[in-house]
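# Results of the structural survey
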Amino acid sequence: MSKAGSKKSSKAAKRPTANGIPILPRQGSLQGASEFYDFACKVMLIGDSGVGKTCVLVRFKDGAFLSGSFISTVGIDFRNKVVNVDGAKVKLQIWDTAGQERFRSVTHAYYRDAHALLLLYDVTNKTSFDNIRAWLSEIHEYAQQDVVIMLLGNKADMQAERVVKREEGEKLARDFGIAFMETSAKTGLNVELAFMAVAKDLKSRKTRKPNDPKFSVTEYVDQEKQNQGCCS
Ligand SMILES: Nc1nc2c(ncn2[C@@H]2O[C@H](COP(=O)(O)OP(=O)(O)OP(=O)(O)O)[C@@H](O)[C@H]2O)c(=O)[nH]1
């Protein structure tokens, strides 16, 4: 992950750059030599700086939480994970973007190939929530029309600092017809579910017969949340 100030960012500095921003190959290889899979898809994590995109990715990929001082992502990077969906192996190539405004022109270029976008805000940061509409406009401008969008209200573990109610996130998602859930990279709440919903959607798109009902990410997520029997 290209995080400014991290050890890995010195590696990133040896990569090709544009205005000092590390640029990775546009088409991250979906052909992992040692990984077997049936379908592959690109998922992008987007949202304001500091909402927890890198932490959500690390939680999903490694089952760990990056606590401590916050190091902002520089440019864009990706990690792969193969998941099992009803007997099929789906390779998720997950792109972690920099939330900072100065990297926006770099990350826009990657929207077009994305099958799914996980759009994050931070439930303890009202501005990050208010900016969601602007992020959705960008998605509308740069992403494919049929891209799957999921709104994630992250840092749900920080109840004392919360300033955005769950109902506000739900309403915004409803207004835009997109799936919603609250997540926590710290506790792992709903992180797996978010990525699995995306993987299921992709598998369904690839295998669905003309008369089969269309898979709905929103319905799937709502069903799974009900099955958890909790308020998340
Ligand atoms: N309590 C709590 N802290 C979190 C959570 N997710 C992220 N953080 C913290 O929030 C800070 C920012 O997290 P990052 O994942 O680096 O944020 P980012 O969205 O990748 O930021 P940029 O790289 O600048 O775009 C870090 O200090 C994390 O430890 C969470 O779910 N709960």
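Presented here is an overview of the structure given in this document. (Residues numbered from 1 in each chain as written. Predicted model: local features only at pLDDT ≥ 70, side-chain atom pairs only at ≥ 80, totals over all residues. Heavy atoms only, no water.)

A separate point is the nonpolar core. With 36 residues, the main nonpolar core has Val43, Leu92, Leu118, Met150 and Phe195 as its most contacted residues. Looking at this core element by element, the count peaks at 9 residues for helix α7 (residues 191-207). Counting 26 residues, the second-largest nonpolar core is a separate cluster that includes Ile46, Phe129, Ala173 and Ile178. (Core = buried A, V, L, I, M, F, W, Y, C linked by side-chain atoms within 4.5 Å. Buried < 20%, exposed > 50% of the residue type's maximum accessible area, 1.4 Å probe, protein only. Helix = DSSP H or I, 4+ residues; strand = E, 2+ residues; numbered from the N terminus.)

What follows deals with the packing of helix α2 (residues 53-62) against α7. Two packed helices can be described by the angle between their axes and the distance between those axes. One way to put it is that α2 packs onto α7 with a least axis distance of 9 Å and a crossing angle of 80°. One way to sum up the angle between α2 and α7 is to call them roughly perpendicular. Mapping the contact onto sequence places Val56, Arg59 and Phe60 in α2 and Val191, Glu192 and Phe195 in α7. In terms of residue class, the contact of α2 with α7 is made up of 4 nonpolar, no polar and 2 charged. (Axes fitted to C-alpha atoms, helices over the stretch in contact; angles between N-to-C directions. Parallel < 35°, antiparallel > 145°, perpendicular 65-115°, else oblique. Contact = heavy atoms within 4.5 Å. Nonpolar A, V, L, I, M, F, W, Y, C, P; charged D, E, K, R; others polar.)

The volume enclosed by the second largest pocket comes to roughly 400 Å³. Forming the walls of the second largest pocket are 20 residues, and the residues nearest its centre are Gln145, Val147, Ile149, Phe176 and Ile178. If you list the elements that add at least two residues to the lining of the second largest pocket, you get α5 (132-142), β7 (148-154) and α8 (217-228). Ranked by the residues each element gives to the lining of the second largest pocket, the list is headed by α5, at 5 residues. Taken together, the residues of the lining of the second largest pocket sort by class into 11 nonpolar, 7 polar and 2 charged. (1 Å grid on protein atoms, 1.4 Å probe; cavity = no way out; pocket = protein on both sides within 12 Å on 5 of 7 lines; lining within 4 Å. Points joined across faces, edges and corners; volume = space filled by probe spheres on them.)

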